Amino acid sequence: MKFHTHDKVIRKGRFDGNIGVVIQPCYLKTGLVLVRFDRGVYTANEQDLVLYH
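Before going into details, it helps to say that this report is about the structure given with it. (Residues numbered from 1 in each chain as written. Predicted model: local features only at pLDDT ≥ 70, side-chain atom pairs only at ≥ 80, totals over all residues. Heavy atoms only, no water.)

Details of the packing of aromatic side chains
The geometry of an aromatic ring pair is captured by two quantities: the separation of the ring centres and the angle between the planes.
Then, in step 1: Scanning the model with the defined rule gives one aromatic pair in all.
Then, in step 2: Aromatic side chains F37 and Y42 sit 6.3 Å apart centroid to centroid with 50° between the ring planes, which places their arrangement in the tilted category.
Then, in step 3: Taking the relative accessible area as the measure of exposure, F37 reaches 8% and is therefore buried.
Then, in step 4: The class of Y42 is partly exposed, set by a relative accessible area of 42%.
Then, in step 5: The ring of F37 is capped by R11, whose NZ or CZ atom sits 5.5 Å from the centre of that ring. (Phe/Tyr/Trp six-rings, centres within 6.5 Å; stacked < 30°, edge-to-face > 60°. Buried < 20%, exposed > 50% of the residue type's maximum accessible area, 1.4 Å probe, protein only. Lys NZ or Arg CZ within 6 Å of the ring centre and 35° of its normal.)

Focus: the nonpolar core
Then, in step 1: Counting residues in hydrophobic clusters, the biggest one holds eight residues: F3, V9, V22, V33, V35, F37, A44 and L49.
Then, in step 2: For this core, the element with the most residues is strand 3 (residues 32-37), which contributes three residues.
Then, in step 3: Aside from chain neighbours lying at most four places away, what touches F37 is V9, R11, N18, I19, G20 and Y42. (Core = buried A, V, L, I, M, F, W, Y, C linked by side-chain atoms within 4.5 Å. Helix = DSSP H or I, 4+ residues; strand = E, 2+ residues; numbered from the N terminus. Contact = heavy atoms within 4.5 Å.)

Put into structure tokens, the structure is as follows:
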């Protein structure tokens, strides 16, 4: 688990300025992370996210 709750993340390879906030890290031990973006809540693969500084 490399992300924690309330971490700001962006999707790897997408620099569209869409910054998400982690709601629940490592959802049910599947490697999926629950992330809230501007347009709603999505599950994202942990490898597809990068921590936003």
